[in-house]
Amino acid sequence: MLCHFQVFYLGCAVFGLILGLLLKKNSYVLVHLLISIYILCLLLPFYFKDAAIRKGEPILKVYQSNVEAINGKYDLVVNQIKEINPDIVLLIETSVAWDKGTISLQDKYFYNHKLLIGAFGFIFYSKMPIKSLQRRKFGTTFDCLDILLSWEGKDIRFIAAHPPPPINHEVFKIRNQHLLKYAELINEQKSIPTIVCGDLNITPWSEGYINLKENAKLKSTRQGFGLLASWPSWLPYRIPIDHCLLTQHFGISNTQVLPSVNSDHLPMLNEIFLIKY
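A short tour of the structure in this document, coming up.

The rules behind each value
- Residues numbered from 1 in each chain as written.
- Predicted model: local features only at pLDDT ≥ 70, side-chain atom pairs only at ≥ 80, totals over all residues.
- Heavy atoms only, no water.
- Helix = DSSP H or I, 4+ residues; strand = E, 2+ residues; numbered from the N terminus.
- Buried < 20%, exposed > 50% of the residue type's maximum accessible area, 1.4 Å probe, protein only.
- Contact = heavy atoms within 4.5 Å.
- Lys, Arg positive; Asp, Glu negative; His and termini not counted.
- Charge placed at Lys NZ, Arg CZ, Asp CG, Glu CD.
- Salt bridge = Lys/Arg side-chain N within 4 Å of Asp/Glu carboxyl O.
- Polar contact = N/O pair within 3.5 Å; in protein donor to acceptor, adjacent residues only side chain to side chain.
- Pairing = 2+ DSSP bridges.
- Axes fitted to C-alpha atoms, helices over the stretch in contact; angles between N-to-C directions.
- Phe/Tyr/Trp six-rings, centres within 6.5 Å; stacked < 30°, edge-to-face > 60°.
- 1 Å grid on protein atoms, 1.4 Å probe; cavity = no way out; pocket = protein on both sides within 12 Å on 5 of 7 lines; lining within 4 Å.
- Points joined across faces, edges and corners; volume = space filled by probe spheres on them.
- Nonpolar A, V, L, I, M, F, W, Y, C, P; charged D, E, K, R; others polar.

## Describing the overall build of the protein
Each helix and strand in the protein was counted, giving 6 helices and 12 strands. Reported as C-alpha extents along the three principal axes, the dimensions of the protein are approximately 65 × 40 × 40 Å. The 277 residues of the protein split such that 52% are buried. Once local pairs closer than 6 in sequence are excluded, the contacts in the protein between residues at least 24 apart make up 65%. Here the protein contributes 28 positively and 22 negatively charged side chains, and the mean placements of these two sets differ by 5 Å.

Okay, structure coming up:
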């Protein structure tokens, strides 16, 4: 948990550095300078753009939002989606009420799948045909959706993910187990361009996240666009736990957090394109 708050730690380190300078305490200055440099090394890569350059390839727009199961502001989500007009919509923490509240989206998104189990439910909408779909539990009660889509005449894979929050040591292990399983799924079919999208309940500096990225050779859509912290939406200081991760087949055109839809998470819009197949 301690690794989640790097921006806060940076602020504290800079404060300590300034205080050391004012007090003329060289040891304070050195320690806080080294801490600041270390944290900056963790944060700055998010501001360096992905090397892939778009050369006229079509853009795939992916909208993701943990809508919060108890949130009843369905119209905010529906209106935001209609305004943005994404190709793929992933709603997390969905119930029967959320299905009813967003049913109008089916007029535009003919291909969909709904897992309406509240805090760990999904509603998935797509403009593209669903070729296959599997629910995967990895030996636990928590699902992910493994979806094969057809886009521009090519197969792409979409893994909708919401592992449990690490509220205790046992659930911490289950979350990390799921992250490793996502990597295994990807490595079983390395040739298929794959997107892992959802509320992963982990920040980019956590060991479980780093292992997932390295084992499956993934890139984050945040790369080049900053931290884009998404939770909790009602605080000025937030942490990035909602993610969209890509295999190296993809490039990133744009990524942004969107205005609040009354959930504790901010929605995200990811605009990506294929570069390798």
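## Topic: the side chain of Glu93
For Glu93, the position within the fold is in the loop between strand S2 (88-92) and helix H4 (96-101). Of the side chains with opposite charge, Arg175 lies nearest to the buried Glu93, which makes no salt bridge, at 14 Å. A polar contact is formed between the side chain of Glu93 and the side chain of Asn66, at a distance of 3.3 Å. Here Ala69 takes part through its backbone nitrogen, which lies 3.0 Å from a polar atom of the side chain of Glu93.

## Overview of the environment of Asp75
Structurally, Asp75 is set in helix H3 (residues 74-84). Residue Asp75 is classed as partly exposed on the basis of its relative accessible area, which comes to 45%. As for Asp75 and Ile130, which are separated by 55 residues in sequence, their C-alpha atoms are 26 Å apart.

## Regarding the environment of Val7
Within the secondary structure, Val7 sits in helix H1 (residues 6-23). Each C-alpha atom of the pair Val7 and Ile39 lies 7.9 Å from the other, and the pair is 32 residues apart in sequence.

## Examining the pattern of salt bridges
Summed over the entire model, instances satisfying the criterion amount to 8 salt bridges. Two residues, Asp143 and Lys137, come together in a salt bridge whose shortest N-O distance is 3.2 Å. Residue Asp143 is classed as buried on the basis of its relative accessible area, which comes to 3%. When its relative accessible area of 37% is taken as the criterion, Lys137 is described as partly exposed. A salt bridge links Lys173 to Glu170; the shortest N-O distance between them is 3.7 Å. Within this pair, Lys173 and its partner Glu170 are both found in helix H5 (residues 169-188), separated by 3 residues, close to a single helical turn. On the basis of relative accessible area, Glu170 is assigned to the partly exposed category, the value being 47%. Through salt bridges that share partners, Arg135, Lys137 and Asp143 make up one connected network.

## Overview of the side chain of Thr247
Examined against the element boundaries, Thr247 turns out to sit in the loop between strand S10 (242-246) and strand S11 (250-257). Polar contacts involving the side chain of Thr247 include one to the main-chain amide nitrogen of Thr194, which spans 3.0 Å. Apart from the residues within four sequence positions on either side, Thr247 is in contact with Ile186, Ile192, Pro193, Thr194, Lys217, Leu218 and Lys219.

## Brief notes about the sheet that holds strand S8 (residues 194-199)
Taking strand neighbours across the sheet as the criterion, the 6 strands line up as S5-S6-S7-S8-S10-S9 in an open arrangement whose pairing is mixed. In this open sheet, the two strands that pair with only one neighbour each are strand S5 (130-136) and strand S9 (219-220). Two strands pair when backbone bridges link them, and strand S7 (residues 154-161) and S8 are joined in this way by 5 bridges, in the parallel orientation. Across the sheet, Phe158 pairs through a bridge with Ile195, a residue of S8. On the sheet, H5 packs against S5, strand S6 (144-151), S7 and S8 and is oriented at approximately 170 degrees with respect to S7. Sitting on the sheet, helix H6 (residues 207-216) touches S9 and S10, and the angle it makes with S10 is about 20 degrees.

## Digging into the packing of aromatic side chains
Going through the model one piece at a time under the given rule, you end up with 4 aromatic pairs. Geometrically, the ring pair formed by Tyr74 and Trp98 is edge-to-face, given 4.7 Å between the ring centres and 85 degrees between the ring planes. Of the two residues, Tyr74 sits in helix H3 while Trp98 sits in helix H4, which places them 24 residues apart along the sequence.

## Structural notes on the layout of surface pockets
Of the voids in this model, the second largest pocket is the one considered here, and its volume is about 240 Å³. Lining the second largest pocket, in full, are Cys41, Leu42, Pro45, Phe46, Pro204, Trp205, Tyr209, Ile210, Lys213, Glu214, Ser220 and Gln223. Going through the elements one at a time, helix H2 (26-43) and H6 are the ones with two or more residues in the lining of the second largest pocket. Considering each element in turn, the lining of the second largest pocket owes the most residues, 4 residues, to H6. Residue composition of the lining of the second largest pocket, grouped by class: 8 nonpolar, 2 polar and 2 charged.

The quantities given are spatial measurements derived from coordinates; they are silent on function.
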